[in-house]
Amino acid sequence: MNKADNSEKLVETILANVEVMRKNAEEMRIWKNLPIAKETFELIKQVGDDEGPLGRAMGCEMVVDRLSEYDAPRFTLEMLRYELEQLQMSEEKSENLTEEDVIDHIAELERFIDIENVSYEDCREQSHRTLKFDPIERTPLWEEINQEVEAETDALLGDEPRGMGFCFGYWSTKRGVLAKRGIVWRDPHQMNPGVMFD
């Protein structure tokens, strides 16, 4: 197989993975996207020069758009930094994806994980998050265990309908899974008692 054929196959696989990630998000199983994103990121880095740096950057952006970035901020940052590097190398420009946008996104996630220097309140304000969240969600531990916790939570919930009111059962189940690991987590409803959730 020549380089062009290999690159074409890689692009086909990347696009197929992005489609799977889209479907996972629609089914409210976005947690399933992280391992796919990691695999896809490695494929993007292997894409040949026929796609060019802009093509690789656009591939990264498609993947990042389908991630729950605050559940995997350190991995998302790795992708965004690569994406920025590719944009800076590219002679082509895109109206939809600018270096400035990626730089801003990187800065937002860097503040989110900078527990030592950025207070919880400053983090919320700077990331434009109106709802409060449990501060444990900023820690490396959260990112390390979240995938496993989400998989266990999803298995416990089974085929429970994921419509109105699902969030309460989901949060309760997730709290139980975390509690088994000795982690006390306050869900969005507990953190925002005056907010109506469905």
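Before going into details, it helps to say that this report is about the structure given with it. All figures in this text were calculated on a predicted structure; none of them were measured in a lab. (Residues numbered from 1 in each chain as written. Predicted model: local features only at pLDDT ≥ 70, side-chain atom pairs only at ≥ 80, totals over all residues. Heavy atoms only, no water.)

1. As for the side chain of Glu 143
Turning to step 1, where the next piece is worked out: Mapped onto the fold, Glu 143 is located in helix α7 (residues 140-157).
Turning to step 2, where the next piece is worked out: Residues contacting Glu 143, with those up to four places away along its chain left out, are Asp 71, Ala 72, Pro 73, Arg 74 and Phe 75. (Helix = DSSP H or I, 4+ residues; strand = E, 2+ residues; numbered from the N terminus. Contact = heavy atoms within 4.5 Å.)

2. A closer look at α7
Turning to step 1, where the next piece is worked out: With 18 residues, α7 extends 26 Å between its outermost C-alpha atoms, agreeing within 8% with the 26 Å of an ideal straight helix rising 1.5 Å per residue.
Turning to step 2, where the next piece is worked out: Its axis deflected by about 45° at Asn 146, α7 carries its strongest bend there.
Turning to step 3, where the next piece is worked out: Of the positions making up α7, those classed as buried are Trp 142, Glu 143, Ile 145, Asn 146, Val 149, Glu 150, Thr 153, Asp 154 and Leu 157.
Turning to step 4, where the next piece is worked out: At its buried positions, α7 is contacted by α4 (73-89) and α8 (166-180). (Expected span 1.5 Å × (residues − 1). Bend = angle between axes of the 7 residues up to and from the residue. Buried < 20%, exposed > 50% of the residue type's maximum accessible area, 1.4 Å probe, protein only.)

3. Concerning the packing of aromatic side chains
Turning to step 1, where the next piece is worked out: One pass over the full model with this rule turns up 9 aromatic pairs.
Turning to step 2, where the next piece is worked out: Relative to Phe 75, the ring of Phe 41 lies with its centre 6.0 Å away and its plane at 80°, an arrangement referred to as edge-to-face. Of this pair, Phe 41 sits in helix α2 (residues 33-46) while Phe 75 sits in helix α4, and the two are 34 residues apart along the sequence.
Turning to step 3, where the next piece is worked out: By relative accessible area, Phe 41 is classed as buried at 2%. (Phe/Tyr/Trp six-rings, centres within 6.5 Å; stacked < 30°, edge-to-face > 60°.)

4. Describing empty space enclosed by the protein
Turning to step 1, where the next piece is worked out: Evaluated as defined, the whole model comprises 1 cavity of 30 Å³ or more.
Turning to step 2, where the next piece is worked out: Here the largest cavity is characterised by a volume of approximately 80 Å³.
Turning to step 3, where the next piece is worked out: Taken together, Ile 30, Trp 31, Leu 34, Leu 67, Ser 68, Asp 71, Ala 72, Glu 143, Asn 146 and Gln 147 make up the lining of the largest cavity.
Turning to step 4, where the next piece is worked out: Considering each element in turn, the lining of the largest cavity owes the most residues, 3 residues, to α7.
Turning to step 5, where the next piece is worked out: Split into classes, the residues belonging to the lining of the largest cavity amount to 5 nonpolar, 3 polar and 2 charged. (1 Å grid on protein atoms, 1.4 Å probe; cavity = no way out; pocket = protein on both sides within 12 Å on 5 of 7 lines; lining within 4 Å. Points joined across faces, edges and corners; volume = space filled by probe spheres on them. Nonpolar A, V, L, I, M, F, W, Y, C, P; charged D, E, K, R; others polar.)

5. Considering the nonpolar core
Turning to step 1, where the next piece is worked out: Of all hydrophobic cores here, the largest spans 36 residues; its most connected members are Val 63, Phe 75, Met 79 and Val 102.
Turning to step 2, where the next piece is worked out: At the level of secondary structure, the elements contributing two or more residues to this core comprise α1 (3-26), α2, α3 (52-64), α4, α5 (99-113) and α6 (120-126).
Turning to step 3, where the next piece is worked out: At 7 residues, the largest contribution of residues to this core is made by α4.
Turning to step 4, where the next piece is worked out: Residues in contact with Met 79, not counting those within four places in the same chain, are Phe 41, Cys 60, Val 63 and Val 64.
Turning to step 5, where the next piece is worked out: Phe 166, Leu 178, Ile 183 and Trp 185 belong to the second-largest nonpolar core, a separate cluster that totals 14 residues. (Core = buried A, V, L, I, M, F, W, Y, C linked by side-chain atoms within 4.5 Å.)

These values are about where atoms sit, not about what they do.
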